[in-house]
Amino acid sequence: MVRIFVPVNFSDYSLNAVNYALNLGQRIPSAITLISCQPPLDDSNADNSEVKSRVINEQVLLDLKTKVEQELNEQQRDNITLLSRLERGYPEDVLISITNREEPDVIVMGTCSKGDTIKELLGSVTSDVVKNAKVPVLAVPANSKANTNNISNILFVSDFQDCDYRSLHKLIRLISPFKTQIFAVHFKASIPDKWDKERLEEMRLYCEQTYRNYEIDFSFITGEDFITELDNFITQNNIDLIAMTRHKRNMISKLLHPSITRKILFHTDIPLLVFHE
């Protein structure tokens with residue numbers, strides 16, 4: 001059974017993520033947990049209002065769960081077990097704590113539309129969870145128009161490292177119910193050298209032997225502006241989902257090369273699935 005955690009704050013974009021998770025889960029037995037967070041208790045001011053607030057929040061979450069259950073289609077009812085839980089604490093802290101402890105297969109989170117606000121560009125709960133979680137995180141933009149009933153084309157951004165092989169294995173497990181073509185690409189600002197080509201061919205041969213039932217295309221994206229070239233590739237190949245591994249880097253590397261993960265997260269309306277080393 002696939003275990004999916006979905007944080008909800010009852011905004012439109014978090015409810016969009018709930019819908020995305022339901023459509024992912026309808027093809028395979030899944031346990032989907034809706035998680036809502038209540039601010040930490042201030043002991044100095046603790047009184048009955050805190051208790052009342054928790055009761056109200058629990059009821060709102062239960063109402064959402066009931067509404068979602070009532071709207072499930074027949075396939076979703078057969079395959080999905082829907083759960084809910086109210087946690088005390090800030091979402092970015094709670095989600096990291098419980099997911100690192102309980103290790104769900106994926107966290108599905110909603111995000112605002114690309115470039116919505118300066119605050120979203122500088123920091124967000126989703127960005128913090130993507131950075132610190134040890135499990136895969138699927139960020140679903142508010143304006144995402146991807147049809148989760150038919151995830152046909154997936155862009156897998158690879159550096160040909162060992163962790164990318166593990167990420168690809170996890171990706172295939174998640175999308176196994178779908179008839180999907182995977183585009184495994186490596187970004188190069190300049191023309192790929194001999195070593196790049198050898199590593200791409202090595203991964204291609206491995207996948208050809210290991211994932212015989214999957215169509216995986218291997219190529220390079222070249223150009224000085226990664227985001228522009230990425231947008232072009234997405235458009236040309238009708239990409240429904242972007243997947244990539246978030247690599248750990250030292251402080252100097254972070255200063256010289258801003259996070260590609262963060263660039264993609266806030267500059268596209270295509271859902272982004274992030275794995276970790």
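Structure: see above.
Residues numbered from 1 in each chain as written. Predicted model: local features only at pLDDT ≥ 70, side-chain atom pairs only at ≥ 80, totals over all residues. Heavy atoms only, no water.

## Examining the environment of Asn 238
Piece 1. Structurally, Asn 238 can be placed in the loop between helix 9 (226-237) and strand 9 (241-246).
Piece 2. Given a relative accessible area of 56%, Asn 238 falls into the exposed group.
Piece 3. Each C-alpha atom of the pair Asn 238 and Ile 154 lies 8.8 Å from the other, and the pair is 84 residues apart in sequence. (Helix = DSSP H or I, 4+ residues; strand = E, 2+ residues; numbered from the N terminus. Buried < 20%, exposed > 50% of the residue type's maximum accessible area, 1.4 Å probe, protein only.)

## Structural notes on helix 8 (residues 194-210)
Piece 1. A rise of 1.5 Å per residue sets the reference length of helix 8, with its 17 residues, at 24 Å; its end C-alpha atoms lie 24 Å apart and thus fit the reference within 8%.
Piece 2. Within the sequence span of helix 8, burial applies to Asp 196, Arg 199, Leu 200, Met 203 and Cys 207. For helix 8, the arc enclosing every buried residue in end-on projection is 100°, short of the 170-degree limit, so these residues lie on one face. Facing away from the buried surface of helix 8 by more than 90 degrees, the exposed residues are Lys 194, Trp 195, Glu 202 and Gln 209.
Piece 3. Buried-residue contacts for helix 8 involve helix 7 (162-175), strand 7 (181-188) and strand 8 (215-222).
Piece 4. For helix 8, the capping residue at the N-terminal end is Asp 193, with a side-chain oxygen 3.1 Å from the backbone nitrogen of Trp 195. (Expected span 1.5 Å × (residues − 1). Arc of directions from axis to C-beta. Contact = heavy atoms within 4.5 Å. Polar contact = N/O pair within 3.5 Å; in protein donor to acceptor, adjacent residues only side chain to side chain.)

## Remarks on the pattern of salt bridges
Piece 1. Scanning the entire structure with this criterion turns up 10 salt bridges.
Piece 2. Here Glu 71 and Lys 67 are joined by a salt bridge, their closest N and O atoms 2.9 Å apart.
Piece 3. Taking the relative accessible area as the measure of exposure, Lys 67 reaches 46% and is therefore partly exposed.
Piece 4. Taking the shortest distance from any N to any O, the salt bridge between Arg 199 and Asp 196 comes out at 3.4 Å. Residue Arg 199 and its partner Asp 196 are located together in helix 8, separated by three residues, close to a single helical turn. Across this residue pair, the class does not change: Arg 199 and Asp 196 are buried. (Salt bridge = Lys/Arg side-chain N within 4 Å of Asp/Glu carboxyl O.)

Everything listed is a geometric property; what it means functionally is a separate question.
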